[in-house]
Amino acid sequence: RLLPPPPLLLPMATNVLVGAVVALGSGSTIKVNAVKEAYPKIAEVRSFKFASAVPHQPVTKKETEKGAYYRARSAFVRAPDADVAIGIENGMWRSAEGWVDGACIVLLVRRRGGATDTTAATTVTTT
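All values reported here derive from a predicted model rather than from experimental measurement. (Residues numbered from 1 in each chain as written. Predicted model: local features only at pLDDT ≥ 70, side-chain atom pairs only at ≥ 80, totals over all residues. Heavy atoms only, no water.)

(A) Summary view of the nonpolar core. Residues Leu17, Val22, Val35, Val84 and Ile86 are the most contacted members of the largest nonpolar core, which totals 16 residues. Mapped by element, the contributors of at least two residues to this core are strand E1 (21–24), helix H2 (29–38), strand E3 (84–95) and strand E4 (98–110). Within the second largest apolar cluster, 14 residues are counted, among which are Phe50, Ala68, Ala72 and Phe76. (Core = buried A, V, L, I, M, F, W, Y, C linked by side-chain atoms within 4.5 Å. Buried < 20%, exposed > 50% of the residue type's maximum accessible area, 1.4 Å probe, protein only. Helix = DSSP H or I, 4+ residues; strand = E, 2+ residues; numbered from the N terminus.)

(B) Here's a closer look at the side chain of arginine 71. By the element assignment, arginine 71 lies in helix H3 (residues 61–78). Overall, arginine 71 belongs to the buried group, its relative accessible area being 13%. Separated by 2.7 Å, the side chains of arginine 71 and glutamate 89 make a polar contact. Ignoring anything within four residues of it in the chain, the contact list for arginine 71 reads Gly25, Ser26, Phe50, Ser52, Gly87, Ile88 and Glu89. (Polar contact = N/O pair within 3.5 Å; in protein donor to acceptor, adjacent residues only side chain to side chain. Contact = heavy atoms within 4.5 Å.)

(C) Molecular detail of H2. Among all positions in H2, only Lys31, Val32, Ala34, Val35 and Ala38 are buried. Looking straight down H2, one finds its buried side chains confined to an arc of 160 degrees; they lie on one side. Of the residues flanking the start of H2, the one acting as N-cap is serine 28, its side-chain oxygen 3.2 Å from the backbone nitrogen of isoleucine 30. (Arc of directions from axis to C-beta.)

(D) Broad picture of the pairing of E3. The sheet contact formed by E1 and E3 spans 3 bridges and is parallel. The residue bridging leucine 24 from the neighbouring strand is isoleucine 86, located in E3. Here E3 pairs with E4 via 12 bridges, running antiparallel. Bridge pairing in E4 places tryptophan 93 opposite valine 100. Hairpin connection, E3 to E4: the antiparallel pair is bridged by 2 residues. (Pairing = 2+ DSSP bridges.)

Right, dumping it as structure tokens:
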């Protein structure tokens, strides 16, 4: 089960997502449900399944972060009318303590005129 975004993302993103159409760069039902659970006031989640820009199993933190950003940007391309795009990428990388199983979550917000801002990007690790 994918956990909802960490508290770091909740305060800044909750107001942005009220009534928003969210494009999610994943076809995973688990990730769709996690976004809906974390942000219950969104209007709609549109999920898009496509190949990531990183290997199927990212094995560095940088690859994992790159994959999340790519997923969010690609979701915006597929849903040009969406207010927000979210990319979630799971990966593994070595740390001083050994292998880490982690995820990166990127949230992009469309501004007026079509430009995007990276509102939040965080890496969540589990052991």
